[in-house]
Amino acid sequence: MEEKISALMAVMREEIGLYRDLIAHARKKTALLVRGSLDALMESNKVEEAFNSRLRVLENDLKRLCSEIGQLLNLSREEITLLRLADGVKSPYADEIRSQSTLFKNLVEQLKQVNRRNIRLLESSLQYSRGLLDFIANATGSYEDSGLLKPCTPHQTRISSKA
């Protein structure tokens, strides 16, 4: 069982390291969103895909190891959580599992916050782009035969200074 717990701890440490890298990457992406560099954003998305691919592999390893340790502790699949596993193993491992679990939870919350900010930036950018497209669509389709602009009914376009 100690081998499985050691393997679980190694996977957790690697996943925590990857989440730290993801948080740093998401913060860099915030700067890219503010600058609006499309090529840099596309490259950033490729890097993010690689992170997510590695995370999926680690998550599968984590689930498998938790399941194996849970079976050794006679826990049903529904009962298996990292904290339940910590309750069933020896003290130095239990303390580390609890500590890593708390750290992991905090990192996931940090990543969610940065991603929420990035989503707001994207949504603001989309609203701004839609407003510009509405304006252009109004201007191009509003000519009279004389070549002058027809008076047009204003569209309700919102452009936020907070974007």
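All figures in this text were calculated on a predicted structure; none of them were measured in a lab.

Colleague: Could you clarify how one ought to interpret the nonpolar core in this entry?
Modeller: One broad rule of soluble globular proteins: the nonpolar side chains tend to lie buried together. Residues Ile-5, Leu-8, Cys-66, Leu-85 and Ile-97 are the most contacted members of the largest nonpolar core, which totals 30 residues. Residue assignment for this core shows that the elements contributing at least two residues are α1 (2-35), α2 (38-72), α3 (82-88) and α4 (91-140).

Colleague: How should I be thinking about the packing of aromatic side chains in this particular structure?
Modeller: A ring pair, where both rings are aromatic, is described by two values, the distance of the centres and the angle of the planes. Per the counting criterion, the structure on display carries one aromatic pair. Aromatic side chains Tyr-19 and Phe-104 sit 5.2 Å apart centroid to centroid with 90° between the ring planes, which places their arrangement in the edge-to-face category. Of the two residues, Tyr-19 sits in helix α1 while Phe-104 sits in helix α4, which places them 85 residues apart along the sequence.

Colleague: Quick question: what am I supposed to make of α2 here?
Modeller: Because an α-helix completes one turn every 3.6 residues, residues spaced three or four positions apart along the sequence face the same direction. Along its 35 residues, α2 runs 51 Å from first to last C-alpha, staying within 8% of the 51 Å computed at 1.5 Å per residue. Turning to α2, its buried residues number three or more, namely Leu-41, Ser-44, Phe-51, Leu-55, Leu-58, Leu-62, Leu-65, Cys-66, Ser-67, Ile-69 and Gly-70. Here the buried face of α2 lies against α1 and α3.

Colleague: For this particular structure, what's the right way to read the packing of α1 against α2?
Modeller: To characterise two packed helices, one gives the angle between the axes of the helices and the distance between these axes. With their axes 9 Å apart at the nearest point, α1 and α2 run at an angle of 160° to one another. Taken together, the axes of α1 and α2 are roughly antiparallel relative to one another. In terms of crossing hand, the pair formed by α1 and α2 is left-handed. Tallied by class, residues from the contact of α1 with α2 come to 21 nonpolar, four polar and 10 charged.

Conventions adopted
- Every chain is numbered independently, its residues counted from 1 as its sequence is written.
- Owing to the predicted nature of the model, reporting of local features is limited to residues with pLDDT of at least 70; listing and counting of side-chain atom pairs is limited to 80 or more, with chain, interface and lining totals taken over all residues.
- Remark: hydrogens and water are excluded; side-chain values derive from all non-hydrogen atoms of the structure.
- Only buried residues count toward a nonpolar core. Its members are Ala, Val, Leu, Ile, Met, Phe, Trp, Tyr and Cys residues joined through side-chain atoms within 4.5 Å.
- Type-normalised accessible area, obtained with a 1.4 Å probe on protein chains alone, sets the label of each residue: buried when under 20%, exposed when over 50%, and partly exposed for intermediate values.
- Numbering of helices and strands runs from the N terminus; a helix is a DSSP stretch of H or I covering at least four residues, while a strand is a stretch of E covering at least two.
- Put simply, two rings from Phe, Tyr or Trp (the six-membered ring, in Trp's case) pair if the centres are within 6.5 Å, and we call them stacked under 30 degrees between planes, edge-to-face over 60, tilted for the rest.
- Given a helix with a known number of residues, its expected span is that number minus one, times 1.5 Å.
- Throughout, a contact is declared for two residues whenever any of their heavy atoms are within 4.5 Å.
- Lines fitted to C-alpha atoms define the axes, with helix axes restricted to the stretch in contact, and inter-axis angles between N-to-C directions lie between 0 and 180 degrees.
- Our angle categories are set so that under 35 degrees counts as roughly parallel, over 145 as roughly antiparallel, 65 to 115 as roughly perpendicular, and the remainder as oblique.
- The handedness criterion is simple: a crossing whose near helix is rotated anticlockwise from the far helix by less than a right angle is left-handed, and one whose near helix is rotated clockwise is right-handed.
- Under the scheme applied here, ten amino acids are nonpolar (Ala, Val, Leu, Ile, Met, Phe, Trp, Tyr, Cys and Pro), four are charged (Asp, Glu, Lys and Arg), and all others, including Gly, are polar.

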